[in-house]
Amino acid sequence: MAGEHGHKLHFHGHSPVHRAPAHLKLLALLGFMLVVVATPGSWYPAFAGYLALLVGVIAVSRVPWGYLLPRMVVEVPFVVFAVLMPFIATGPQTEFLGLTVSQHGLTAGTALLMKGTLGVLASLTLAATTEPHALLAGLTRLRLPHQLVQIMAFMIRYLDVVTDEMRRMRIARESRGFRARSVRQWPVLASSASALFIRSYERGERVHLAMLARGYDPQAEVR
Amino acid sequence: MSTPVLDVRGLAYAYPDGHQALFGVNLHVHAGERVALLGPNGAGKTTLVLHLNGILAPGAGTVAVSGLPVEKKNLQEIRRRVGIVFQDPDDQLFSATVRDDVAFGPRNLGLRGEALDRRVADALEQVGMNEYADRPPHHLSFGQRRRVAVATVLAMEPEILVLDEPSSNLDPASRRELAEILTALDVTVLMVTHDLPYALELCPRSVVLSDGVIVADGATTDVLTDADLMRAHRLELPFAFDPRAVPLSRGF
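Read on for a plain summary of the structure. (Residues numbered from 1 in each chain as written. Chains lettered and ligands numbered in written order. Predicted model: local features only at pLDDT ≥ 70, side-chain atom pairs only at ≥ 80, totals over all residues.)

### Focus: the pairing of strand S2 (residues 20–29) of chain B
As a general feature of sheets, a regular strand has side chains that alternate between the two faces.
Here is step 1 of the chain: Relative to S2(B), strand S1 (residues 6–14) of chain B runs antiparallel, the two sharing seven bridges. Each residue of the ladder has a partner; that of B:Val8, found in S2(B), is B:Leu27. (Pairing = 2+ DSSP bridges. Helix = DSSP H or I, 4+ residues; strand = E, 2+ residues; numbered from the N terminus.)

This is the structure in structure tokens:
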């Protein structure tokens, strides 16, 4: 089971950033990301400005860097891609740290890295300062269709149940001497995944049944 | 006698794949009774339960709750009258907080504002979970989740509470706490279970369902001490458990 407070990405606190209404934070994140993505990749001072702004917000939120930085590993696939770009892109060549690389690749890779890092850091800040159910309430206030909000609510609610089930299945596999060492063991993992999928699907049906039993009418608007 | 809370007559049902689960079930439960529904795995207990609030529609026969037939046009009222607590509380608890989950049923019945808050508080009070109202359900212990699941149904003020394996996966202390909660409730109870000592403790009357028909209906002590009946329907008491050595059911 997860800790006391909601979710693994959430860092409990009472800063102004934590207290700000969730829908405003969502809009701020969306606006920030649109501006970052729309900025041409070579406007380095602009990116420095964005980063300064973000660092300022994080400082106010008092979420420790030691908490945010390890969670930035989700960006790794993008980093790998960005680092490869100067080597695989074509066009005019240039010298960089003693290596001959593609000039277009270098600018594109740098831009991807900067925009990606800003995006990940901004999203993590939102997640760290906003409880999942507050985010859902914020999305409702932003008039996101009710069905979509409900689907997200179910996802958050059952994420722990499904990961717990996945963990128990892994333990049961390993208790019978299974180790996923090579590609040859992938079929076992694949059938575990399909079993998990079917179980989750069936659970979905049981949850629906339990909702109907308490008079849920899918046609009626709940709120 | 007065109109039974639960009146099942000649109920038969076959699943769409052709598997026939019920072959003409007759069952009457009167107000204030606590009845155990016993039977081996695959006897059709869950199928029967799903007919009580119209999730499944009978192939033949009728179901009525306090005189109101279980039909499409009555479904909303039927589902208020029949409160089903499912076996896995995780199937029943899906909201961000305990309070939202308990409010789900009464909200579907159209309750809002203060009346809704009062229902939620009362239901949580009855299961002793008031102080957990703002916690996310998935952070509670299994026993607490089971109790909240009972509260989600009590909040609809049902006329009959149907419990599917209420004691499964509970530790002995949670099992006893749930028994105390259930005996304190002023509501008719139908309890589906394999836990025969629990049936004896809570329900003065037991009904045995086997292969889609009711094969016994009587005092729980009589049913559990009928060795031939028990053996014929794959019912077994725990090792060294003697129903005759047990004092009368709780609250009686």
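### Let's talk about the pairing of strand S10 (residues 213–219) of chain B
Here is step 1 of the chain: Where strand S9 (residues 205–210) of chain B and S10(B) come together, six bridges link them in antiparallel fashion. By the bridge assignment, B:Val208 is partnered in S10(B) with B:Ala216.

### Examining the nonpolar core
Here is step 1 of the chain: Formed by 74 residues in total, the largest nonpolar core has its most connected members in B:Ala151, B:Val162 and B:Met191.
Here is step 2 of the chain: A total of six residues in this core trace back to one element, the largest contributor, which is helix H6 (residues 142–154) of chain B.
Here is step 3 of the chain: With near-sequence residues (within four places) excluded, B:Ala151 lies in contact with B:Val102, B:Ala123, B:Leu124, B:Gln126, B:Val127 and B:Met129.
Here is step 4 of the chain: Judged by nonpolar contacts, the second largest core, of 15 residues, contains A:Ile58, A:Val63, A:Met114 and A:Leu121. (Core = buried A, V, L, I, M, F, W, Y, C linked by C-beta atoms within 7 Å. Buried ≥ 20, exposed ≤ 12 C-beta atoms within 10 Å, placed from the backbone. Contact = placed C-beta atoms within 7 Å.)

### Here's the deal with the interface of chain B and chain A
How big an interface is tends to be stated in terms of the accessible area lost upon association of its parts.
Here is step 1 of the chain: The partner chain A presents 20 residues to the 25 residues of chain B that form the contact.
Here is step 2 of the chain: Of all the secondary structure elements, the ones that give two or more residues to the side of chain B that touches chain A are helix H2 (75–81), helix H3 (89–92), helix H4 (98–108) and H6 of chain B.
Here is step 3 of the chain: Counting residues per element, the side of chain B that touches chain A draws most heavily on H4(B), which supplies four residues.
Here is step 4 of the chain: Per-class residue counts for the side of chain B that touches chain A are 10 nonpolar, nine polar and six charged. (Nonpolar A, V, L, I, M, F, W, Y, C, P; charged D, E, K, R; others polar.)

### With respect to H6(B)
Residues and elements named next belong to chain B.
Here is step 1 of the chain: For H6, with 13 residues, the first-to-last C-alpha span of 19 Å sits near the 18 Å given by 1.5 Å per residue.
Here is step 2 of the chain: Burial within H6 is extensive, with 11 of its 13 residues counted as buried.
Here is step 3 of the chain: If you check which residues of H6 are buried, you get Gln-144, Arg-145, Arg-146, Arg-147, Val-148, Ala-149, Val-150, Ala-151, Thr-152, Val-153 and Leu-154.
Here is step 4 of the chain: Residues of H6 that are buried in the fold lie against strand S6 (82–85), H3, H4, helix H5 (113–126), strand S7 (160–164) and helix H7 (172–184). (Expected span 1.5 Å × (residues − 1).)

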